[in-house]
Amino acid sequence: MDPIWLLALLPLAVISGWLAAWRTHSHVQRGSLPAPMSETYYRSINFLANDQHDQALDVLAKALEDYDESLEIQLALGTLFRRRGEIERATQIHQSLIARPGLSRDQKSEVLFELASDYFKAGMLDRSENLLLELGVGDGFREPALRLLIQIYESGKEWERAIAAAGHLDRLTPETWGPVIAQYHCELGERDLSGGDYRAAKARADNALKLNRNCARAVILRGRLDALAGSHRQAVKTWMGLCDDHPEMLHEVAGLVRASSESLGQQEVYAEFLKQAVEASSDERLHLLLVDHFSGQGRTEDAEMQLLSWVEEKASLSGLHRLLEIRVDREPGSTSERDYQLVRKVTGKLLADRVGYECRFCGFQGKSLHWQCPGCRHWDTTAPRVATLKLS
Ligand SMILES: [Zn+2]
């Protein structure tokens, strides 16, 4: 289990758990708590919500002197121990509670969910899953149980089960889970493709597109399958579909388009793709590929003209950097060359700090594209940072 993921999700899960607990208690036992006991309960929630663990522990320890059998106090203590990383103590409390006779259905569900959360935190995912599956339809803790199950299935790459759990949540809540389920189908499709089962992979890509017709990952997968079937022209057409809805993803397929163009023996297909991609996207890497393409064909004047108009129009730092590289190569040993070298060093350093990908949800930055953000675990939220590089 990724510790960053746990750290990011834990406060949300705990607060959600508390809110769920509060809802359950206010529903099941409204008015049944003695006044001092209610006060203790809400004060401890308040301390926990504000990450004041020591204060919460003080309040609960005092309450235990008078209400040591209280389910609320025991649950609060269990949550507190889990949040402090004392999983064994949390688990002991919840295990003793589950064995307590006379629990209502809601109370039993709550304790089961808490115990499952302990196991999840301890990395005992099978045990956690088994308990969560006991929380059935109509149960007050069904929704948080499904959310935790999805985390378990994602971490184990059990995509079929993740699809089923997310499908339940889609029906149970107003949230739309289609785009996430589409990503699960893409995971399976890529697995099928790696295993050589192109037919199954195509079915997965089609399923993903049915759930989310704008799923860039599914479009890329479809194009790859077209190319593998030898339909390179269709593959390029499929990838060009990204121009409309996902121009930020065009750079991801540029290498694939180039390979298909080479298979067709038609370099102009690649050049045309790059021209249209540059029109559709502000991604500066595509400009650089077009410049590289011109240079590779010996069209150095076209390459330089492309760069000059681009730098003048967009004040592009990466364009300027490439222009300096051309000038350095052209005037070796001259005074100008040394000046160009110096400026290029500066632009290179500025660029090095700013390339890569960034999650628009949590700001996680990485060198490569992740379909699921390693920081916040959201799907399809990372985009290239290079697209926004400008001098002004
Ligand atoms: Zn993120």
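Residues numbered from 1 in each chain as written. Predicted model: local features only at pLDDT ≥ 70, side-chain atom pairs only at ≥ 80, totals over all residues.

**Q** Break down the overall build of the protein for me, with residues and values.
**A** Per the secondary structure count, the protein includes 20 helices and 3 strands. Across the 392 residues of the protein, 39% fall into the buried class. In the protein, of all internal contacts separated by at least 6 residues, the share reaching a separation of at least 24 is 49%. (Helix = DSSP H or I, 4+ residues; strand = E, 2+ residues; numbered from the N terminus. Buried ≥ 20, exposed ≤ 12 C-beta atoms within 10 Å, placed from the backbone. Contact = placed C-beta atoms within 7 Å.)

**Q** Before we move on, can you summarise the environment of Glu160 with the specific residues and values?
**A** Relative to the assigned elements, Glu160 resides in helix H9 (residues 159-172). A residue is classified by how many C-beta atoms lie within 10 Å of it, and Glu160, with 11 of them, is exposed. For the pair Glu160 and Glu187, spaced 27 residues apart in sequence, the C-alpha separation works out to 9.9 Å.

**Q** Provide a residue-level description of the sheet that holds strand S3 (residues 382-384), including the pertinent values.
**A** Read from one edge to the other, the open sheet built from 3 strands follows the order S2-S1-S3, with strand pairing classed as antiparallel. Each edge of the open sheet carries a strand with a single partner, namely strand S2 (365-366) and S3. Across 2 bridges, strand S1 (residues 357-359) lies against S2 in antiparallel orientation. Residue Tyr357 lies in a different strand from S2, and its bridge partner there is Gly366. (Pairing = 2+ DSSP bridges.)

**Q** How would you sum up the nonpolar core? Please name residues and give values.
**A** One finds Ala116, Ala145, Leu149, Ala162, Ala166, Ile181 and Ala218 to be the most contacted residues of the largest nonpolar core, which totals 81 residues. In this structure, this core is formed jointly by two domains, domain 1 (3-172) and domain 2 (176-281), each of which donates at least three residues. Setting aside residues no more than four positions away along its own chain, Ala145 makes contact with Phe113, Leu132 and Leu135. (Core = buried A, V, L, I, M, F, W, Y, C linked by C-beta atoms within 7 Å. Domains from an automatic or database assignment.)

**Q** Let's hear about unusual backbone geometry: which residues, and what values?
**A** In the Ramachandran plot, Arg377 falls in the positive-phi region, its phi being about 65° despite a non-glycine side chain. By the secondary structure assignment, Arg377 is in the loop between S2 and S3. On the basis of neighbour count, Arg377 is assigned to the buried category, with 22 C-beta atoms found within 10 Å. Phi is positive for Asp380, which is not a glycine, with a value near 60°. In this structure, Asp380 sits in the loop between S2 and S3.

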